[in-house]
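Structure at a glance
In case you want the letters, here they are:
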Amino acid sequence: MRKVQRAAFTLVELLVVIAIIGVLVGLLVPAVQMAREAARRTSCQNNQRQWIMATANFETSKKAYPGYQSEFGRIPNPQSQQTPQKIGSWVVSLMPYIEQQALRDVWDDPAENDFWAQASISANPVNVDQAQRFFPTISMSICPSDIANTEEYALNSYVVNAGFLPVFLNGQGQPLGYTGSAAQNSVLSQKKQNGVFTNKALGTFGYNATKIRASDIRDGLSSTLAFSENLQADSWRYVNGADDSTRWHIGMVWLYRLDDPSRTTKTVNGQTITADNLTVTNRLDGNKLTASVGDFNAARPSSNHSNVVVAAMLDGSVKNIDTNVEYHIYQALMTPMTKQSDAPFNQYLLKDDDYLQ
């Protein structure tokens, strides 16, 4: 009687198959990770596209760009000074344009002012329920790659162009005209040549009544930053009426610094006012998460995307900014009128290939 032999893998064949599977998995995992990151970056781009569209609609309606902070819930002819009006960030200003009208109505209602005060204590709100009511997390405020969001309320990954922050290390402020108090210098720094979003909260530190319109963007809407992601961005509930800190908590700023101060071209009355040296943290993506929230040095674009930061321009376009750009290029992107601005390299003419990846 003939025996039927059963087909089977030899040990060598089995090992070869296992090796092939291992190689395929090794090739597949990076591809899957790249696909997931591409999806996260696309989501971030879509978020900022919605924000910049809302900003454009705001400018069309109000004939000016919103502030990085503004007042809400004003009481007509108030009988008592005990009821405060609300101060809210740029997110609140744009709520009607991102289908958040119901939430904006709460902010606009003067009868809600006392409740807002209970919800707005920075560290520990008096009323947690009210805090959750005034400061919910809005999904389009979060980049999926920003995995370290630690804010308790109103999670946020994005910052606005808050312009020039007048911090000087070597006495350049006086020849540049910054000779007043800190509050006066703050107002002066917010001129329309230096940035886009200013402080619109009446009666607060650095309040600036200047209206900045699309027609003021002399260098071009397509080459002026409006939004960016920032790993150090604070909750969009952060506002402050006593100092300039709102600008570097929920805004991005530029400083009177350069990679190479010898390239300074800013002159006043024939005097060249040499820039300060740049720090590592000032650079795009500088130090990433090692720089803490609330450090003005870190109020610049940064992200967890590979070598790029997603940013929205005033014309509505969303671009991938190369994180290796020199600081004077970042300043040129931030300033609507670079030649007339306080930028230390104010003679530079921006080109697309300077910053796009």
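Quick note: structure is the one above.
The present account deals with the structure reproduced in this document. (Residues numbered from 1 in each chain as written. Predicted model: local features only at pLDDT ≥ 70, side-chain atom pairs only at ≥ 80, totals over all residues. Heavy atoms only, no water.)

1. Some words on the overall build of the chain
Summing up its helical and strand segments, the chain has eight helices and 12 strands in all. Each principal axis of the C-alpha atoms in the chain carries an extent, and together these give about 110 × 55 × 35 Å. The buried share of the chain, reckoned over its 357 residues, is 49%. For the chain, the proportion of contacts with a sequence separation of at least 24, taken over those separated by at least 6, is 67%. Per element, the accessible surface of the chain, about 17000 Å² overall, is 53% carbon and sulfur. Of the charged side chains in the chain, 30 are positive and 32 negative; the average position of the first set lies 5 Å away from that of the second. (Helix = DSSP H or I, 4+ residues; strand = E, 2+ residues; numbered from the N terminus. Buried < 20%, exposed > 50% of the residue type's maximum accessible area, 1.4 Å probe, protein only. Contact = heavy atoms within 4.5 Å. Areas by Shrake-Rupley, 256 points an atom, 1.4 Å probe, with all protein chains shown as cover. Lys, Arg positive; Asp, Glu negative; His and termini not counted. Charge placed at Lys NZ, Arg CZ, Asp CG, Glu CD.)

2. Quick notes on the pairing of strand S12 (residues 318-322)
Within S12, four of the five residues are buried, leaving the element largely enclosed by the surrounding structure. Pairing of strand S11 (residues 308-313) with S12 involves five bridges; the strand directions are antiparallel. Note on S12: the bridge partner recorded for valine 308 is aspartate 322. Following S11, the chain reverses through four residues before pairing antiparallel with S12; glycine 316 in that reversal takes a positive phi of roughly 100 degrees. (Pairing = 2+ DSSP bridges.)

3. Thoughts on the environment of leucine 349
Residue placement: leucine 349 occurs in the segment after helix H8 (327-334). Given the relative accessible area of 69%, leucine 349 is considered exposed. Each C-alpha atom of the pair leucine 349 and proline 336 lies 12 Å from the other, and the pair is 13 residues apart in sequence.

4. Section: the sheet that holds strand S4 (residues 199-200)
Here three strands make up an open sheet; going across it, the order is S2-S1-S4 and the pairing mixed. Of all strands in the sheet, those with a lone pairing partner are strand S2 (86-89) and S4, marking the two edges. Both strand S1 (residues 69-72) and S4 contribute to a ladder of two bridges, which runs parallel. Note that in S4 the partner of glutamine 69 across the bridge is asparagine 199. On top of the sheet, helix H3 (residues 101-108) reaches S1 and S2; it is set at about 145 degrees to S2, its chief contact. (Axes fitted to C-alpha atoms, helices over the stretch in contact; angles between N-to-C directions.)

5. Some thoughts on the sheet that holds S11
With respect to topology, five strands assemble into an open sheet ordered S6-S3-S5-S11-S12, the strand pairing being mixed. A strand with exactly one partner marks an edge of an open sheet, and here the two such strands are strand S6 (251-254) and S12. Each adjacent strand pair in this sheet contributes to an overall mean axis angle of 40 degrees, direction not counted. Two elements, strand S3 (residues 158-164) and S6, share three bridges in a ladder whose sense is parallel. When the sheet's bridge partners are listed, valine 160 is paired in S6 with glycine 251. Strand contacts of H8: S3, strand S5 (225-229), S6 and S11, with the helix running at about 120 degrees to S6, the strand carrying the most contacts.

6. Focus on the state of the cysteines
On inspection of all chains with the given rule, the structure shows zero disulfides. Of all cysteine sulfurs in the structure, the one in cysteine 143 sits closest to cysteine 44, which takes part in no disulfide; the separation is 3.7 Å. Taking the relative accessible area as the measure of exposure, cysteine 44 reaches 0% and is therefore buried. (Disulfide = S-S within 2.5 Å.)

7. Digging into unusual backbone geometry
Although it is not a glycine, alanine 154 adopts a positive phi angle of roughly 50 degrees. Structurally, alanine 154 is set in the loop between helix H5 (128-134) and S3. Classification of alanine 154 as buried rests on a relative accessible area of 0%. A positive phi angle is found at asparagine 307, which is not glycine, with a value near 65 degrees.

8. With respect to the packing of aromatic side chains
Applying the stated criterion across every chain, the model contains 18 aromatic pairs. On the basis of an interplanar angle of 50 degrees and a centroid distance of 6.4 Å, the ring pair of phenylalanine 134 and phenylalanine 135 is categorised as tilted. For the residue pair phenylalanine 134 and phenylalanine 135, the accessibility class agrees, reading buried in each case. Taken together, a centroid distance of 5.8 Å and an interplanar angle of 70 degrees make the contact between phenylalanine 197 and phenylalanine 227 edge-to-face. Taken together, the residues phenylalanine 197 in the loop between helix H6 (182-189) and S4 and phenylalanine 227 in strand S5 connect sequence positions 30 residues apart. Considered together, phenylalanine 197 and phenylalanine 227 belong to a single accessibility category, that of buried residues. Among the aromatic residues, ring-to-ring pairing joins Phe72, Trp107, Phe134, Phe135 and Trp236 into one connected group. One residue, arginine 133, lies across the ring of phenylalanine 134, its end atom 5.6 Å from the ring centre. (Phe/Tyr/Trp six-rings, centres within 6.5 Å; stacked < 30°, edge-to-face > 60°. Lys NZ or Arg CZ within 6 Å of the ring centre and 35° of its normal.)

Interpretation in functional terms is not warranted from these geometric data alone.
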